[in-house]
Amino acid sequence: MENKILGLHHITAIANLAKRNLDFYTHTLGVRLVKKTVNFDDPGTYHFYFGDEIGTPGTILTFFPWEGIGTGRNGTGMATHIGYSVPKGSLTFWKNRLEAQQIAVEEGEIFGEQLISFTDPDGLQLQFIESNQEDNRKPWLTNEIQSNTALRGFHNVTLTLQQAEQTAKVLTDILGYDFQDQAGNRSRFATKAIETANLIDIIEDPSAKRGHNAAGTNHHIAFRVKDEETLMAYREKVLSAGLQITPKIDRDYFFSLYFREPGGVLFEIATDNPGFTRDEALAELGSNLKLPKQYEGIRSDIEKSLPTLS
Ligand code: ZN
């Protein structure tokens, strides 16, 4: 089990205004800012990581808030819906809380599980789902969001594709997922290697428009592995399936590989180690601007160029 893909590691999306993004996720949704750093390829842009107390893989949603970027379009070739697991009986609380902020909320059901759908301030499509599986993950709590309502972490992520078949093969033949269920044009894949954040849905829609990656859309999804040895074993697997994949990249808080699956979605594989406490104490996570070492020498320039968060 241990050398398998352990469900989702993180999901990375694009936002516009940094402060609006930070306030929505930490205040309205009550997840913890576990790391405040910059885009390693574009240090004038923040990179926010939101998750549980320690940023456990499977709870981490990250954003590049590119101020002034236009609004993207959710469409084929991308992850289009992020599903969070919430406790049974909490959907009314969330519906009321979101509607009090003039956010439109739709109620629904997928594979027998009750959910609400809404968008964040940039248009990113979120679903809060009352899972039928028990979810014992310990949530981050705030004054307004207590354990009977707090987000547990990811339930699933939905990819929208023109053709499902080749992507489904990557999930089953390379990443160790099994086909689990189908309803209409939605197929669900699950890995047995872990009990949470273990679901990928595919919506096949040949007539849908291709997505455009800008604010309010997902940039990539990352799958979780235990360590670098497992990571590199997956690199070989992806290569031998005839797909291109990057070398190992050090992201400071994990090691990563990236490859684009045949349906167009950017996939990453990321390690558990070293984690978010490598450069900040647990109690202080997210409270300091952390920079990768190549940018420490220009810290004051970077701090001046970043948008204000207060
Ligand atoms: Zn990533």
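Residues numbered from 1 in each chain as written. Predicted model: local features only at pLDDT ≥ 70, side-chain atom pairs only at ≥ 80, totals over all residues. Heavy atoms only, no water.

Caption draft 1: Structural detail: the overall build of the chain. Along its length, the chain carries 5 helices and 16 strands. In terms of overall dimensions, the chain has C-alpha extents of about 50 × 45 × 35 Å along its principal axes. Each of the 310 residues in the chain was classed as buried or not, and the buried ones make up 57%. In the chain, 67% of the contacts between residues at least 6 apart in sequence involve partners at least 24 apart. Within the structure as shown, the chain displays about 13,300 Å² of accessible surface, and the carbon and sulfur contribution to it stands at 47%. With 31 positive and 41 negative side-chain charges, the chain shows a separation of 2 Å between the mean positions of the two kinds. (Helix = DSSP H or I, 4+ residues; strand = E, 2+ residues; numbered from the N terminus. Buried < 20%, exposed > 50% of the residue type's maximum accessible area, 1.4 Å probe, protein only. Contact = heavy atoms within 4.5 Å. Areas by Shrake-Rupley, 256 points an atom, 1.4 Å probe, with all protein chains shown as cover. Lys, Arg positive; Asp, Glu negative; His and termini not counted. Charge placed at Lys NZ, Arg CZ, Asp CG, Glu CD.)

Caption draft 2: Spotlight on the sheet that holds strand S13 (residues 218-225). The strand order across the open sheet built from 8 strands is S2-S3-S4-S1-S13-S16-S15-S14, with neighbouring strands paired in mixed fashion. The outermost strands of the open sheet, each flanked by one partner alone, are strand S2 (32-39) and strand S14 (249-250). Pairing of strand S15 (residues 254-260) with strand S16 (residues 266-274), which is carried by 6 bridges, proceeds in the antiparallel orientation. Within the sheet, the bridge partner assigned to leucine 257 lies in S16 and is isoleucine 269. (Pairing = 2+ DSSP bridges.)

Caption draft 3: Structural context of the nonpolar core. By size, the foremost hydrophobic cluster in this structure holds 70 residues, and its most contacted members are Tyr25, Phe118, Phe128, Leu175, Ile221 and Phe267. Once residues within four sequence positions are removed from consideration, tyrosine 25 is found in contact with Gly30, Val31, Phe50, Leu61, Phe63, Asp120, Leu124 and Leu126. Formed by 9 residues, the second largest nonpolar core is a distinct cluster that contains Val34, Tyr49, Tyr253 and Phe254. (Core = buried A, V, L, I, M, F, W, Y, C linked by side-chain atoms within 4.5 Å.)

Caption draft 4: Seen up close, the coordination of the zinc ion. For the zinc ion, the full set of protein donor atoms is His10 (NE2), His220 (NE2) and Glu268 (OE), and the range of their distances to it is 1.9 to 2.0 Å. All donors of the zinc ion belong to a single chain; written as a sequence motif, their spacing is H-x209-H-x47-E. Taken together, the residues span a long stretch of sequence, with histidine 220 in strand S13 and glutamate 268 in strand S16 at a distance of 48 residues. Residue histidine 220 shares its accessibility class with glutamate 268, and that shared class is buried. (Donors = N, O, S within 2.8 Å, 3.2 Å for Na, K, Ca; no water.)

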